[in-house]
Amino acid sequence: MATAVRWVKDYIGWFGGDPAQIKLIGHGSGASAAMVLAPATMARSSISGVVAMSGSSVQPNAYEREPQVAYQEASMRHRCAAGNETEVVKCLRTKTTEEIVLMDSELQAERFSGEKLVNGVTPQAGLNPVIEEKDDGRGLLGLLTDKPEESLLAGDFPKIPLLIGVTKDETANAIDVKEIQSVFKGPTNFLKKTSSLVGLDGFLNLEKQVQALDTVGGVLKLDKYLEIPSNWDVTQVLGKLVEATTDAVFNLPAVVSAQAWSKSSKAFMYSFEHRSDNTRGRDFLTGLPIVAKAGKNGADDRLVAHGDELGLLFDTHDVFGNPILSASVKSAKDVNARKSFASFIAKFAYLNMTSMHQDNVFKSFSSKGTPFVKVGEKIAVDNDFRFCQLSIWGAQLEALKSLSCSFLGEGLGSVSKVVGNVVPINQVSGILFGG
């Protein structure tokens, strides 16, 4: 990836591009990779901005926490576990591409079996990057040489803008209530297992609670918030699981990433909330656990899940490059949403650190007010992104106005609950809107 960035910088001028305006854009695990690559020694001087779509370098499973275990899993699965590292590499080089793909698929299935299926709510699948040794001058430079969360907290990244975003219901196609009931003996246990993945030490308050006047003692704690009443039906349970896991795995890492980045540079956040008539995330991400339950788990068709925005930025093709007509953008509302989202991303690509301070759309992230952009058929600006829900997970936020979080005591209930007032962008700036 770093080599590709350097190639672009060296040659983009020949194609009419600006080598000083190279933005990295990635989705899911690609978003994690983009955020890791930006501060890497071998690439940081070439990159002028990062777009992280539905992913973050501090997301659960963004890197291997136990690389030795991952090494043993991979070498044993490929039947190359005998001998030292040199012999293992020599063995792996004898494998055909087909054998490697097959073995990696088996390893992925094994990594999501039993209670490990909780990992399926993250965009990462299979083996993930590992933290390498610091450069000692004897070999190639390392790409990831510090824990990403430590680099973010220390401000060890280039002073370039970050645009980070999520879809409204990221995990809607990753969850099956019956499967969770069978494996975890109840959805509450599943949510508590998910909460153990969050990590983010140094970013969050130690006390995971919010003021909620109608609860006992006036305080609602995270553990209580994650409990699911036994008399809820499947639809209610699924709604709570989707909202809670989307907050824990996607929204919370996105907010703390923007929060940390904004202390040294400019950071912006968006929430993609348009449900397309035709295109879905599974059209692009087939085979990943996070879309594996699409159309099978009873999720509401109006939910906007992981990858559902991709078909509005890119035309959908099969692995041979042939257009998939059934997933094409056809309806007027999809065309409007495509114009809005593509224009929004394009405008960020043209921004630089000196041109964004007076922009009505790109309001730099801050802990006070948590400003964000809502992407639909039109672009709208808003504040206090999921203030109550993320505060109970420990996010250190300050509401722009007085808010009540009492509704959390009723359970997560409505997946569409949003705190804050929406201002249509065509009332603020005529630059970006669908139509």
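Rules of the game
Residues numbered from 1 in each chain as written. Predicted model: local features only at pLDDT ≥ 70, side-chain atom pairs only at ≥ 80, totals over all residues. Heavy atoms only, no water. UniProt positions renumbered as here; feature names shortened; annotations may be inferred. Phe/Tyr/Trp six-rings, centres within 6.5 Å; stacked < 30°, edge-to-face > 60°. Helix = DSSP H or I, 4+ residues; strand = E, 2+ residues; numbered from the N terminus. Lys NZ or Arg CZ within 6 Å of the ring centre and 35° of its normal. Buried < 20%, exposed > 50% of the residue type's maximum accessible area, 1.4 Å probe, protein only. Contact = heavy atoms within 4.5 Å. Axes fitted to C-alpha atoms, helices over the stretch in contact; angles between N-to-C directions. Parallel < 35°, antiparallel > 145°, perpendicular 65-115°, else oblique. Nonpolar A, V, L, I, M, F, W, Y, C, P; charged D, E, K, R; others polar. Pairing = 2+ DSSP bridges.

An unreviewed UniProt entry lists the protein chain under the name Carboxylesterase type B domain-containing protein, with Anopheles maculatus given as the organism. Comment text from UniProt for the protein chain, heading Sequence similarities (unreviewed entry), reads "Belongs to the type-B carboxylesterase/lipase family."

Peer 1: Before we move on, can you summarise the packing of aromatic side chains with the specific residues and values?
Peer 2: Evaluated as defined, the whole model comprises 11 aromatic pairs. Relative to Phe 362, the ring of Phe 268 lies with its centre 5.4 Å away and its plane at 80°, an arrangement referred to as edge-to-face. With Phe 268 in strand S6 (residues 267-272) and Phe 362 in the loop between helix H13 (332-350) and strand S7 (372-375), this residue pair connects regions lying 94 residues apart in the sequence. With centroids separated by 4.9 Å and ring planes inclined at 70°, the aromatic side chains of Phe 372 and Phe 385 adopt a geometry described as edge-to-face. Here Phe 385 lies in the loop between strand S8 (379-382) and helix H14 (387-392) and Phe 372 lies in strand S7, a separation of 13 residues in the sequence. Here the guanidinium or amino end of Lys 159 rests over the ring plane of Phe 157, the centre of that ring lying 5.7 Å away.

Peer 1: Talk me through helix H2 (residues 29-37); I want residue IDs and the actual numbers.
Peer 2: Within H2, 7 of the 9 residues are buried, which leaves it mostly tucked inside the rest of the structure. Turning to H2, its buried residues number three or more, namely Ala 31, Ser 32, Ala 33, Ala 34, Met 35, Val 36 and Leu 37. Close packing links the buried residues of H2 with helix H1 (2-11), strand S1 (23-27), strand S2 (49-53), helix H6 (148-154), strand S3 (162-167) and helix H10 (234-261).

Peer 1: I'd love a proper account of the packing of helix H7 (residues 177-184) against helix H8 (residues 187-195), names of residues and values included.
Peer 2: Between two packed helices, what matters for the description is the angle formed by their axes and the separation of those axes. At a minimum axis separation of 8 Å, H7 and H8 run at an interaxial angle of 85°. On the basis of the axis angle, H7 is roughly perpendicular to H8. Every residue of H8 that contacts H7 at Ile 180, Gln 181 and Phe 184 is listed here: Pro 187, Asn 189, Phe 190 and Lys 193. Of the residues that constitute the contact of H7 with H8, the class distribution is 4 nonpolar, 2 polar and 1 charged.

Peer 1: Account for the pairing of S6, with residues named and values stated.
Peer 2: The buried count for S6 comes to 6 of 6 residues, which makes it a mostly enclosed element. Of the two faces of S6, the one holding Ala 267, Met 269 and Ser 271 and the one holding Phe 268, Tyr 270 and Phe 272 are both buried throughout. Pairing between S3 and S6: 6 bridges, direction parallel. Bridge pairing links Ile 164 to Met 269 in S6. With 3 bridges connecting them, S6 and S7 associate as parallel partners. Among the inter-strand pairings, Tyr 270 is bridged to a residue of S7, identified as Val 373.

Peer 1: Residues and numbers for the pairing of S7, please.
Peer 2: Side chains Phe 372 and Lys 374 of S7 all project onto a buried face; the interleaved residues Val 373 and Val 375 project onto the opposite face, where all are buried too. Across 4 bridges, the pairing between S7 and S8 is antiparallel. Considered in S8, the bridge of Val 373 is made with Val 381. Between the end of S7 and the start of S8, which pair antiparallel, lie 3 residues.

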